[in-house]
Structures are given as C-alpha cells and as structure tokens.
Amino acid sequence: MGYAPGIDAVREVSLAVAPGETLALLGPSGCGKTSLLRAVAGLEPLRQGSITIGAVVVSGPGAWVRPERRRVGMVFQDGALFPHLTVAANVAFGLRSHARSETARRVDEVLSLVDLADYGERLPRTLSGGQQQRVALARSLAPSPAVLLLDEPFSALDAALRVQVRSEVSRILRQIAVTTLVVTHDQTEAFVLGDRVAVMRNGRVEQLDTPDGLYRRPANPWVAGFVGESNLLTGRVGPGRCVTTAIGPVPIEALPSRPDGTRLAVGDAATVLIRPEQVSVEPVGVGAGTATVAGVEYHGHDIRYRLQLDDGSTVIARCPPEPVHPRGSPVQIRFQGPATMAWQDGLVGTLDRSG
C-alpha cells in the first residue's frame, strides 16, 4: 500500500493476530504503522496483498468491504468525540440500528466497563482527558467489534495521566479479550499493552516477538537501540565465548554469526549488546574497567550514569539510588552478564530513530 506512484508506505508485511490477542505496532514516526492500521480499518486501499478479519477477506484482489461493514472499532489520538452529544449519546452513536432498550442496556454496560457508569448525561467538555479517552473506548466497544484499533490513544495526555489510563485500558482489553491492534511510538506503552510487539521501520516489520523477546534478543542493532536503552560495544571474540571490549571480557550466550551463517572465530571483530542495568558502578579499586562519571540523572528508584571510559567512549549504567557517585568522580565498572546478543562488527550501522 502507498500514497503516491512508486512509493509504498507499508510493504512485505505479514501479520497474524490471534483471537483475543493485543498486538502493538511500535516504531518511529513515518514507519508505516498508522498506515497499516488505517488499511485494516478500510481507510487506505491496498496495491497488493490482502487483509482478512475472521474468515472474511475485507481487502484484496477482487474484494473490498466498506469500513462500516468490517466490524472494526477505532479509537483515535484525540478521542474524536462529538462535543454536542452527551457521553451516553456518543457511546450510542454506533448502535443506531439497535432497538432503544438494547441500546440503553449496551451503553450502560460499556460505561460500567470503563468505570464511567454515572457520567452518561455529561458533555465531553466537562470530562478530563483520560475520561474522554475512556468514553472513546466505550464508543468503539459498544457495537462488539471483531477487531479494535487504537491509534496512539494516549499521546494527548500528560505523563502521569498517560500511565493511569494505559493501565486501565490494558485491564479492560484483557477482561473482554477483544482482538486489538494498537499503534504507538512509545516502547513502554507497547510493552504494557501488547501480548506481542511488531517493531516497524521504513514500512517493514523488523521483528515480531513478545516484549521480553524483543528486549533480550533483538534481531539487529537497530531494534536493540530502539527498544530500550543500549550500549553497543565493539571488540574481538575471545576464548571461552566472550567478546573483549573496553570494559573487559563480556561473556555472551552465543557467538554471533556471519551473513553466511557460520560462527565467528576467536579474534574476529564483533559488537555486543549491554543493557544499562547490566552495568554496575563501584568505588575505585573494586572491579575492572576504570571510568569517569560524566553525567548523573537521579530518578529516585535508580540513577542513570553516563560513564566515560579511558578510551574516550561512553557507557550508560542504571544503578540503585545508593550510593551516589558525583559527576567527575573516578569509578570502576563491572558487567553483570552474560550478554544475550552480539553481532559481527561492521553490521551495526547507525541507530537511526527517525525511521
């Protein structure tokens, strides 16, 4: 699918979402995730390929089901509520073909589901941003859709409210077990909501996995850098299945492979992934790998250190809040492993978050 001749917004994407599963589409702006969501909703045409909901081909060669007949519910970034209608009337909007008594029952049911049972007569402008998004969710759920689509549903909320609302939405989705696709550029959001996560870049899926699989076993260095904070250290493969780096030998779970599938040998150049929580900071004279504290960010539950190594490179560490190592102080660092991923050096490229 695409927007101009010869330009594809999404290509070579093949995804299957199980009934009741929530699949998060994660990626930078412009990677094609919203285009894919709109194609499922019937708002964007396909140049090739097909989309099936249940057993029905809704888009494909010789097949086209209008958006309103796809049994798809969609929640937009801003909620898109009708400002002149009450909460109950907004939720009932998709139930116009139902009997009045059935509509009233269903409206009460979904408003209770989103904890807004007493808000039916309110107007959207009298609600908080989080309440408005829950009304939008209730409106999408009211017709009992086969698929629920969420397009950056929390991006308009402030940070504290976003955490609260996404937790509530996660609870609701698991309670009703509706098949869901959610688009987000926020890793935490994708990990909280998604049973699985598809990481997209330049119109393609780089990796499809569980949140744990993505974080621990990223398919390539770009995914490693986009999904969570990472240290990518270059070195050489040493004996005993390790990579010798500027912070010392780093044991790895498996030796990296060359493009032809063969394993790297001792002495070959390699790049190893180290997550910040795998790096501990200790007073001088305890461990190995001398460094200088170049930056300190205190977060309460932990401290993020930017450490400058003797060779001029930097490493990020996340450590317990006690003790605090001041900026400029000499420290030694210790790796707590093993590392789960490594790659042949030269295949790393740039960790381009722009997509």
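None of these values were measured; they are calculated from a predicted model.

Asker: If you had to explain the overall build of the chain to someone new, which residues and values would you point to?
Answerer: Secondary structure summary: the chain contains eight helices and 21 strands in total. Judged by the C-alpha coordinates and their principal axes, the chain covers about 75 × 50 × 30 Å. Relative to its full complement of 355 residues, the chain shows a buried share of 46%. The long-range share in the chain, meaning contacts at least 24 apart out of those at least 6 apart in sequence, stands at 67%. Accessible area of the chain: about 16800 Å², with a carbon and sulfur share of 52%.

Asker: Requested: an account of helix H4 (residues 129-141), with residues and values cited.
Answerer: With 13 residues, H4 ought to run about 18 Å at 1.5 Å a step, and its terminal C-alpha atoms sit 19 Å apart, in line with that. Counting buried residues along H4, eleven of its 13 residues qualify, which places the element largely inside the surrounding structure. Three or more residues of H4 are buried, namely Gly130, Gln131, Gln133, Arg134, Val135, Ala136, Leu137, Ala138, Arg139, Ser140 and Leu141.

Asker: Residue-level account of the side chain of asparagine 90, with values.
Answerer: Tracing the sequence through the fold places asparagine 90 in helix H2 (residues 87-92). Of the polar contacts made by the side chain of asparagine 90, one reaches the backbone nitrogen of phenylalanine 82; its length is 2.8 Å.

Asker: Help me get a handle on helix H5 (residues 159-176), residues and values and all.
Answerer: Relative to the 26 Å expected for 18 residues at 1.5 Å per residue, H5 spans 26 Å between its end C-alpha atoms, a close match to the ideal helical length. Buried residues of H5: Val165, Arg166, Glu168, Val169, Ser170, Ile172 and Leu173, and no others. Those residues of H5 that are buried are in contact with strand E3 (22-26), helix H3 (100-113), H4, strand E8 (147-151), strand E9 (179-184) and helix H6 (187-193). Alanine 177 lies just past H5 and shows a positive phi near 55°.

Asker: Summarise the sheet that holds strand E15 (residues 269-274); cite the residues concerned and give the values.
Answerer: One open sheet accounts for five strands, arranged E14-E13-E12-E15-E21; its pairing is antiparallel. Of all strands in the sheet, those bounded by a partner on one side alone are strand E14 (248-251) and strand E21 (342-344). Between one strand and the next, the sheet's axes are offset by a mean angle of 40°, whatever the strand orientation. Of the strand pairs in this sheet, strand E12 (residues 231-238) and strand E13 (residues 242-245) are connected by three bridges, and their pairing is antiparallel. Looking at E13, one finds that glycine 238 is bridged to cysteine 242.

Asker: Tell me about the packing of aromatic side chains, and please be specific about residues and values.
Answerer: Under the defined criterion, the tally for this structure stands at two aromatic pairs. Their ring planes at 10° and their centres at 5.1 Å tell us that tryptophan 222 and phenylalanine 226 sit as a pair that is stacked. Of the two residues, tryptophan 222 and phenylalanine 226 are both situated in helix H8 (residues 221-226); the distance of four residues between them amounts to about one turn of the helix. When sorted by exposure, tryptophan 222 lands in the same class as phenylalanine 226, which is buried. In this structure, arginine 70 is placed above the aromatic ring of tryptophan 64, and the distance from its NZ or CZ to the ring centre is 4.6 Å.

Asker: Help me get a handle on the pattern of salt bridges, residues and values and all.
Answerer: Counting across every chain of the model gives 16 salt bridges. Where glutamate 44 meets arginine 38, a salt bridge forms, and the shortest distance between an N and an O atom there is 3.0 Å. Between arginine 105 and glutamate 109 there is a salt bridge, with its nearest N and O atoms 3.3 Å apart. Of this pair, arginine 105 and glutamate 109 both sit in helix H3, four residues apart, roughly one helical turn.

Asker: For the sheet that holds strand E10 (residues 196-201), give the residues involved together with the corresponding values.
Answerer: With mixed pairing, six strands are arranged side by side in an open sheet as E7-E8-E9-E3-E10-E11. Of all the strands in the sheet, just strand E7 (72-75) and strand E11 (204-209) have a single pairing partner and so form its edges. Looking at each pair of strands side by side, their axes are set apart by 20° on average, direction ignored. In this sheet, E11 lies alongside E10 in antiparallel orientation, the contact comprising five bridges. Bridge pairing in E11 places methionine 200 opposite valine 205.

Asker: An account of the side chain of glutamate 282 is needed here, citing residue identities and associated values.
Answerer: The residue glutamate 282 is located in strand E16 (residues 279-283) in this model. Residue class for glutamate 282 comes out buried when judged on its relative accessible area of 17%. A polar contact of 3.3 Å, which involves the side chain of glutamate 282, links it to the side chain of arginine 334.

Asker: Explain the environment of glutamine 132 to me, and be specific about the residues and the numbers.
Answerer: Of note, glutamine 132 is situated in helix H4. Between the alpha carbons of glutamine 132 and valine 182 there is a distance of 18 Å; along the sequence they are 50 residues apart.

Asker: Which residues make up the pairing of E16, and what values go with them?
Answerer: Within E16, four of the five residues are buried, leaving the element largely enclosed by the surrounding structure. Sheet analysis places E16 next to strand E20 (residues 330-335), joined by five bridges and oriented antiparallel. The residue bridging proline 283 from the neighbouring strand is valine 331, located in E20.

Asker: Can you explain the confidence of the model for the chain? Please cite residues and give values.
Answerer: Interpretation of this model should avoid reading the predicted coordinates in detail wherever pLDDT is low. Averaged over the chain, the pLDDT score is 89; the fraction of residues at 70 or greater is 94%. Predicted confidence for residues 348-355 stays below pLDDT 50, and this span has 22 contacts to residues more than four positions away or in other chains.

Cut-offs and rules
Residues numbered from 1 in each chain as written. Predicted model: local features only at pLDDT ≥ 70, side-chain atom pairs only at ≥ 80, totals over all residues. Heavy atoms only, no water. Helix = DSSP H or I, 4+ residues; strand = E, 2+ residues; numbered from the N terminus. Buried < 20%, exposed > 50% of the residue type's maximum accessible area, 1.4 Å probe, protein only. Contact = heavy atoms within 4.5 Å. Areas by Shrake-Rupley, 256 points an atom, 1.4 Å probe, with all protein chains shown as cover. Expected span 1.5 Å × (residues − 1). Polar contact = N/O pair within 3.5 Å; in protein donor to acceptor, adjacent residues only side chain to side chain. Pairing = 2+ DSSP bridges. Axes fitted to C-alpha atoms, helices over the stretch in contact; angles between N-to-C directions. Phe/Tyr/Trp six-rings, centres within 6.5 Å; stacked < 30°, edge-to-face > 60°. Lys NZ or Arg CZ within 6 Å of the ring centre and 35° of its normal. Salt bridge = Lys/Arg side-chain N within 4 Å of Asp/Glu carboxyl O. pLDDT = per-residue confidence, 0-100.

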